Amino acid sequence: MADISAVRRKSRIRRHGRVRKRVHGTAARPRLAVFRSNKHLVLQVINDDEGTTLAAASTVEAPQRAEGSTGSIDGAARIGKLVAERAKAAGVEKVVFDRGGFLFHGRVAAAANAAREAGLEF
């Protein structure tokens, strides 16, 4: 019998491939990519044409770990707000959302909603 975590990982990677066929970040509208692990969340604003990251935020950063839980919806909302502030400082107003094969639910949705409330347009 296959390891269930390996099956889930392969399924997520297949879903991510389907999403990435349609989602492409440009200079005018970069891609807001999400990676979620059991303990942390990483958000990046990426220009795929140039292959550069314009802004990023993660719960791995020391100030974020000090503020509270990193694997919770509250932590995801803090990171969503932080990445939106950093993106706006880099001159980004509009993004396309790349959920990375994860369901738009829980921490992924909380981060996206916080980024919207902080001024990023999806």
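Peer 1: Hey, could you run me through the pattern of salt bridges in this one?
Peer 2: Scanning all chains against the criterion turns up six salt bridges. The salt bridge involving Asp48 is made with Arg20; its shortest N-O contact spans 3.7 Å. Taken together, the residues Asp48 in the loop between strand 2 (41-47) and strand 3 (52-58) and Arg20 in helix 1 (residues 4-22) connect sequence positions 28 residues apart. Look at Arg20 and you get partly exposed, because its relative accessible area is 28%. Where Glu93 meets Lys88, a salt bridge forms, and the shortest distance between an N and an O atom there is 3.4 Å. The partly exposed category is assigned to Glu93, whose relative accessible area is 44%. Here the residues in one salt-bridge network are Arg20, Arg31, Asp48 and Asp98, joined through shared partners.

Peer 1: For this particular structure, what's the right way to read the environment of Phe35?
Peer 2: Tracing the backbone shows Phe35 in strand 1 (residues 31-36). Given a relative accessible area of 40%, Phe35 falls into the partly exposed group. Those residues in contact with Phe35, other than ones at most four positions away along the chain, are Arg12, His40, Leu41, Val42 and Phe102.

Peer 1: What is the right way to read the layout of surface pockets from this model?
Peer 2: Over the atoms rolls a probe the size of a water molecule, and its path tells where empty space is left. Size it by volume and the largest pocket reaches roughly 430 Å³. Every residue lining the largest pocket is counted, 15 residues in all, and those nearest its centre are Arg8, Arg12, Arg36, Asn38 and Phe102. Mapped onto the lining of the largest pocket, the elements with two or more residues apiece are helix 1, strand 1 and helix 4 (107-117). Classifying every residue of the lining of the largest pocket gives four nonpolar, five polar and six charged.

Rules behind the numbers
- Residues numbered from 1 in each chain as written.
- Predicted model: local features only at pLDDT ≥ 70, side-chain atom pairs only at ≥ 80, totals over all residues.
- Heavy atoms only, no water.
- Salt bridge = Lys/Arg side-chain N within 4 Å of Asp/Glu carboxyl O.
- Helix = DSSP H or I, 4+ residues; strand = E, 2+ residues; numbered from the N terminus.
- Buried < 20%, exposed > 50% of the residue type's maximum accessible area, 1.4 Å probe, protein only.
- Contact = heavy atoms within 4.5 Å.
- 1 Å grid on protein atoms, 1.4 Å probe; cavity = no way out; pocket = protein on both sides within 12 Å on 5 of 7 lines; lining within 4 Å.
- Points joined across faces, edges and corners; volume = space filled by probe spheres on them.
- Nonpolar A, V, L, I, M, F, W, Y, C, P; charged D, E, K, R; others polar.

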